[in-house]
There are 2 protein chains.
Amino acid sequence: MLNERTGVPPHDCEECPIRHRAVCARCESDELEQLDGIKYYRKYEAGQTVIWSGDRMDFVGSVVSGIASLTQTMEDGRTQMVGLLLPSDFVGRPGRATAAYDVVATTDIVMCCFRKAPFEEMMVRTPHIAQRLLEMTLDELDAAREWMLVLGRKTAREKIASLLSIIARRDASVNARPDKSEIVFDLPLTREAMADYLGLTLETVSRQISALRKDGVIALEGKRHVTVPDMTRLLEEAGDDADGGVFA
Amino acid sequence: MLNERTGVPPHDCEECPIRHRAVCARCESDELEQLDGIKYYRKYEAGQTVIWSGDRMDFVGSVVSGIASLTQTMEDGRTQMVGLLLPSDFVGRPGRATAAYDVVATTDIVMCCFRKAPFEEMMVRTPHIAQRLLEMTLDELDAAREWMLVLGRKTAREKIASLLSIIARRDASVNARPDKSEIVFDLPLTREAMADYLGLTLETVSRQISALRKDGVIALEGKRHVTVPDMTRLLEEAGDDADGGVFA
DNA sequence: CGCTTATTTGACGTTCCTCAATATCCGTGG
DNA sequence: CCACGGATATTGAGGAACGTCAAATAAGCG
């Protein structure tokens, strides 16, 4: 039976798809029970804004399914995506009253939200949560720094190849195909969202994707379905070491 | 008396200039004593590399004085600075064996180092350290995201103005001059380091600084000594909201 | 004072952006 | 099932911003 208000079925934490990767990953069952008491699910449709920058935050939470983006906007409308929130990623900053960024659902998403005050209280008492949050924050910091190199020093073509590599790598861990060297995935982002992520215009994104297709680095079916015949080649195009990581 | 090996005078933590901002900020005196047992000071000269990316890390630590930079380099030599380490900033990642970035002393620096294994052990037992580290990491993540907007969406002129604003803001908290609206500081970075921070070439950095000088946004004495007659103007040039923060 | 390094400036080329037109996709209703 | 309309994506032409290469100037240091 669905929860009428949120349209989301209540979950048992033990069966939660992000149980072992989210902020609650290290929690014992008694700790999960406590979290259960302050949690609720919310669903957002693709395109919906979850949080506006500057708004008061009364919750923090985890992305359970779907993809959301974290963006900053300048007064004149220029926008830069500063984070891509995948399942298990954490939203909100304990100890901060207002949101620093816009959070927008890129696909339909489900979030597991915790009321902020009780969550913060619990963090003080529960090292398992604070430890995991530190670990996740350090990972995000690494990802942000990786992205600074992409934004600051890579060409448009390399930027696109970098983004495709990241998406491919993520999907590979889910849709692993040991039999094929070929990688296949759907782009979860519009050309405009890709442009906002990469610090480009959507026209440049489109042109570079066309160029990569023409050069045989990728193949497209429709606008969103991508095939990578040779991952090593894509990584070379991204300007990265062709080794290391999942595809080594 | 100086320590012969490191050339650094031993400090009492209570008198440490970064006592209340570094990773040890929340520690009680008994905790400081424990830290004291695993700490040592090291000094590096401007230009010296503190850590090479990929190297084994046997310590973590705090910058006590001076400025260091965190950089990433691509195979073909393109480099991007991904962090500027100011006094009290933390170096190294607990739980990681090798360095992810190059750390280079931009000015002469003194570091307070902790042997890694005992520090990690202590973190588990000492919530005060883990809490403070989480807070600092969240701040760094915010700074990194701020910088992603600069790298991805700002023009060369705005980038320079942004960097000057940040340095000015930092110095303002130290050399506050309530009597003057004028802000004066020394650039701690070469043109090349500025370029690496901003994702520009050093020629473009030089040209934009000249342009800002010609337009009266800043004044220069020598190459490094900067005067900002009107901070609001500089913030406008940076593309930021002219209000909020220290200079509101 | 001469040497080395940092910085500025100039001329020119390339990349990416802007503006504009066209094409494609996808959901909706006939 | 197909036609229509709005959103999304592609493609083209021209321009602006920034990078590259090269030379001149200034600054710091012995």
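Everything here concerns the structure above.
Presented here is an overview of the structure given in this document. (Residues numbered from 1 in each chain as written. Chains lettered and ligands numbered in written order. Predicted model: local features only at pLDDT ≥ 70, side-chain atom pairs only at ≥ 80, totals over all residues. Heavy atoms only, no water.)

What about the protein's contact with DNA strand C?
- Near DNA strand C there are 18 residues, and of these A:Ala156, A:Thr204, B:Arg191, B:Ser206 and B:Ser210 occur at the shortest range.
- Among the atoms of DNA strand C lying within 4 Å of the protein, the sugar-phosphate backbone contributes 67%.
- At 2.9 Å from a base oxygen of DNA strand C is found a side-chain nitrogen or oxygen belonging to A:Arg207.
- One of the side-chain nitrogen or oxygen atoms of B:Ser210 is found 2.7 Å away from a phosphate oxygen of DNA strand C. (Near = heavy atom within 4 Å. Polar contact = N/O pair within 3.5 Å; in protein donor to acceptor, adjacent residues only side chain to side chain.)

A look at the sheet that holds strand S1 (residues 39-44) of chain A
All names here are of chain A.
- Strand order in the open sheet made by the four strands is S1-S8-S3-S6, with antiparallel pairing throughout. One side of each edge strand has no neighbouring strand; the edge strands of this open sheet are S1 and strand S6 (90-91).
- Two elements, S1 and strand S8 (residues 109-115), share six bridges in a ladder whose sense is antiparallel. Along S8, the bridge assignment pairs Tyr44 with Ile109.
- Along the sheet face, helix H2 (residues 116-125) touches strand S3 (59-65), S6 and S8 and points at about 70° away from the line of S8. (Pairing = 2+ DSSP bridges. Helix = DSSP H or I, 4+ residues; strand = E, 2+ residues; numbered from the N terminus. Contact = heavy atoms within 4.5 Å. Axes fitted to C-alpha atoms, helices over the stretch in contact; angles between N-to-C directions.)

Details of the nonpolar core
- Ranked by internal contacts, the top residues of the largest apolar core, which has 110 residues, are A:Ile160, A:Phe185, B:Phe185 and B:Ile218.
- Setting aside chain neighbours within four positions, we find B:Phe185 in contact with B:Leu164, B:Ile167, B:Ala168, B:Asp171, B:Arg224, B:His225, B:Val226 and B:Val228.
- The next biggest cluster of nonpolar side chains, apart from the first, holds 52 residues, and it includes A:Leu32, B:Val60, B:Met122 and B:Leu134. (Core = buried A, V, L, I, M, F, W, Y, C linked by side-chain atoms within 4.5 Å. Buried < 20%, exposed > 50% of the residue type's maximum accessible area, 1.4 Å probe, protein only.)

Some remarks on the packing of helix H5 (residues 191-198) of chain B against helix H6 (residues 202-214) of chain B
Residues and elements named next belong to chain B.
- Look at H5 against H6: their axes get within 8 Å of each other, and the N-to-C directions meet at 100°. It follows that H5 is roughly perpendicular to H6 by the angle criterion. Each of Arg191, Glu192, Met194 and Ala195 in H5 lies in contact with H6, whose residues at this interface are Leu202, Val205 and Ile209.
- Here the contact of H5 with H6 is composed, by residue class, of five nonpolar, no polar and two charged. (Parallel < 35°, antiparallel > 145°, perpendicular 65-115°, else oblique. Nonpolar A, V, L, I, M, F, W, Y, C, P; charged D, E, K, R; others polar.)

So, the protein's contact with DNA strand D
- As a matter of local geometry, DNA strand D sits amid 18 residues, with A:Arg191, A:Ser206, A:Arg207, A:Ser210 and B:Thr204 nearest to it.
- Of all atoms in DNA strand D that approach within 4 Å of the protein, 64% are sugar or phosphate atoms.
- In the model, a phosphate oxygen of DNA strand D is placed 2.7 Å from a nitrogen or oxygen of the A:Ser206 side chain.
- Within the side chain of B:Glu203, a nitrogen or oxygen atom sits 3.1 Å from a base nitrogen of DNA strand D.
- Counting residues per element, the ones that place at least two in the surface near DNA strand D are helix H6 (202-214) of chain A together with H6 of chain B.
- At five residues, H6(A) tops the list of elements feeding residues into the surface near DNA strand D.
- Of the residues contributing to the surface near DNA strand D, the split by class is three nonpolar, seven polar and eight charged.

Regarding unusual backbone geometry
- Positioned with a positive phi, A:Ser88 is a non-glycine residue whose angle comes to about 90°.
- Within the secondary structure layout, A:Ser88 lies in the loop between strand S5 (79-85) and S6.

Quick word on the interface of chain B and chain A
- Taken together, the contacts link 42 residues of chain B with 42 residues of chain A.
- Taking both partners together, chain B and chain A bury about 4000 Å²; carbon and sulfur atoms supply 54% of that area.
- For the chain B face of the interface with chain A, the top three residues by lost area are B:Arg145, B:Met148 and B:Arg153, together amounting to 20%.
- For the pair chain B and chain A, the interface holds 12 salt bridges.
- Note that B:Arg96 is salt-bridged to A:Asp142, the shortest N-O span being 2.5 Å.
- On the surface where chain B and chain A come into contact, there are 27 residue pairs in polar contact (both at pLDDT 80 or more).
- Of all the secondary-structure elements, those providing two or more residues to the side of chain B that touches chain A are strand S4 (68-73), strand S5 (79-85), helix H3 (127-153) and H5 of chain B.
- In terms of residue count, the dominant contributor to the side of chain B that touches chain A is H3(B) (19 residues).
- Its residues assigned to classes, the side of chain B that touches chain A shows 18 nonpolar, eight polar and 16 charged. (Buried area = accessible area lost by both parts, 1.4 Å probe. Salt bridge = Lys/Arg side-chain N within 4 Å of Asp/Glu carboxyl O.)

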